[in-house]
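Summary of structural features
Here are the chains, one letter per residue:
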Amino acid sequence: MSLDVGARLKVVRKKRGLSQRELAKRAGVTNSTISLIEQNRVSPSVSSLKKVLDGVPMSLQAFFVEEVPVQQQVFYKSNELPDMGSGKVAMRLVGYNHDPRSLSLLHETYPPGADTGVEMLLHEGEEAGVVISGCLEVTVSEQVEILHVGDGYYFSSSQPHRFRNVGDQPCVLVSANNPASV
């Protein structure tokens, strides 16, 4: 079991209405000490953590047992988006660690000639997307359309569907499906 001491300290400090500066002053440590602990850039010794918690005031036991709500990640840097695609198709998922997650929001990239496969996709829910660059052939049941920049789609995912880049440039799109399927 791992405990995010930095995040926990930040939540406890904010619950008590303390700034980093005020907590540092009360605990007799520097502002940067509090900041570095909260960013998990340093891991405090037990005695250092006790000293900081004395400034709250809070016991070590209460710090480790008190129910502290886990804060969901809200913002995601590009390098934090896991690739859920296969083959040449990149499908980078936003909010992969959001619990519960009721939709999938994807930043997709299809190199020229790439597709989701010869087998048509079929799953529960709905999906929608908008082409950001390039072009994309979208097949839904018997309907086939080539979408260009700014064009979009929205359909029931229970209909057989397939995506294919028929252009000579990479195709980039943003898509969403609900419920979350990746």
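Data block above holds the structure.
On to the side chain of Asn177, then. Looking at the secondary structure, you find Asn177 in strand β8 (residues 171–178). Filtering out sequence-adjacent residues up to four positions away, Asn177 remains in contact with Leu103, Ser104, Leu106, Glu126 and Glu127.

Let's shift gears to the sheet that holds strand β4 (residues 136–140). Reading across the sheet, the 3 strands line up as β5-β4-β7 and stay open at both edges, with antiparallel pairing between neighbours. With one partner strand each, in any of the chains shown, β5 (143–147) and β7 (161–164) form the two edges of the open sheet. Adjacent strand axes in the sheet meet at a mean angle of 15°, parallel and antiparallel pairs treated alike. Here β4 pairs with β7 via 4 bridges, running antiparallel. Counted as the bridge partner of Thr139 is Arg162 from β7.

Among the secondary structure elements, Ser102 is positioned in the loop between β1 (90–94) and β2 (104–110). For the pair Ser102 and Asn178, spaced 76 residues apart in the sequence, the C-alpha separation amounts to 6.3 Å. The contacts of Ser102, once residues within four sequence positions are left out, are Asn178, Pro179 and Ala180.

This next bit is on unusual backbone geometry. The peptide bond linking Val56 to Pro57 adopts the cis configuration, its omega dihedral lying at -10°. As for its position among the elements, Pro57 is in the loop between α4 (46–54) and α5 (60–65). Pro179 follows Asn178 through a cis peptide bond whose omega is 0°. One non-glycine residue, Ser141, lies in the positive phi region at around 55°. Topologically, Ser141 is positioned in the loop between β4 and β5. Residue class for Ser141 comes out partly exposed when judged on its relative accessible area of 28%.

Tyr110, Leu136, Val138, Tyr153, Phe163, Cys171 and Leu173 are the most contacted members of the largest nonpolar core, which has 16 residues in total. Mapped by element, the contributors of at least two residues to this core are β1, β2, β4, β6 (152–156) and β8. The biggest single contributor to this core is β4, with 3 residues. Those residues in contact with Leu136, other than ones at most four positions away along the chain, are Tyr110, Val131, Glu145, Ile146, Leu147, Phe163, Arg164, Asn165, Cys171 and Leu173.

Attention shifts here to the sheet that holds β2. The strands that make up a sheet pair up through hydrogen bonds in the backbone, lying either parallel or antiparallel. On the basis of which strands lie adjacent, the open sheet formed by 5 strands has the order β1-β2-β8-β3-β6 and antiparallel pairing. The sheet is open, and its two borders are formed by β1 and β6, each paired with just one other strand. Pairwise comparison of adjacent strand axes, ignoring direction, gives a mean angle of 20° for this sheet. As paired elements, β2 and β8 share 7 bridges and run antiparallel to each other. Along β8, the bridge assignment pairs Tyr110 with Cys171.

A separate point is helix α2 (residues 20–27). Within α2, the full set of buried residues consists of Leu23, Ala24 and Ala27. Within α2, the buried residues cover an arc of 100° as seen down the axis, which keeps them to one side. Looking at α2, the residues exposed on the side facing more than 90 degrees away from the buried face are Arg21 and Lys25. On its buried face, α2 sits against α1 (5–15), α3 (31–38) and α4.

This next bit is on the state of the cysteines. Taken as a whole and judged by the stated rule, the model has 0 disulfides. Not engaged in a disulfide, the cysteine Cys135 finds its nearest cysteine sulfur in Cys171; these two sulfurs lie 6.6 Å apart. Here Cys135 falls in the buried class, since its relative accessible area comes to 13%. Residue classification places Cys171 among the buried positions, given a relative accessible area of 0%.

Calculation criteria
Residues numbered from 1 in each chain as written. Predicted model: local features only at pLDDT ≥ 70, side-chain atom pairs only at ≥ 80, totals over all residues. Heavy atoms only, no water. Helix = DSSP H or I, 4+ residues; strand = E, 2+ residues; numbered from the N terminus. Contact = heavy atoms within 4.5 Å. Pairing = 2+ DSSP bridges. Axes fitted to C-alpha atoms, helices over the stretch in contact; angles between N-to-C directions. Buried < 20%, exposed > 50% of the residue type's maximum accessible area, 1.4 Å probe, protein only. Core = buried A, V, L, I, M, F, W, Y, C linked by side-chain atoms within 4.5 Å. Arc of directions from axis to C-beta. Disulfide = S-S within 2.5 Å.

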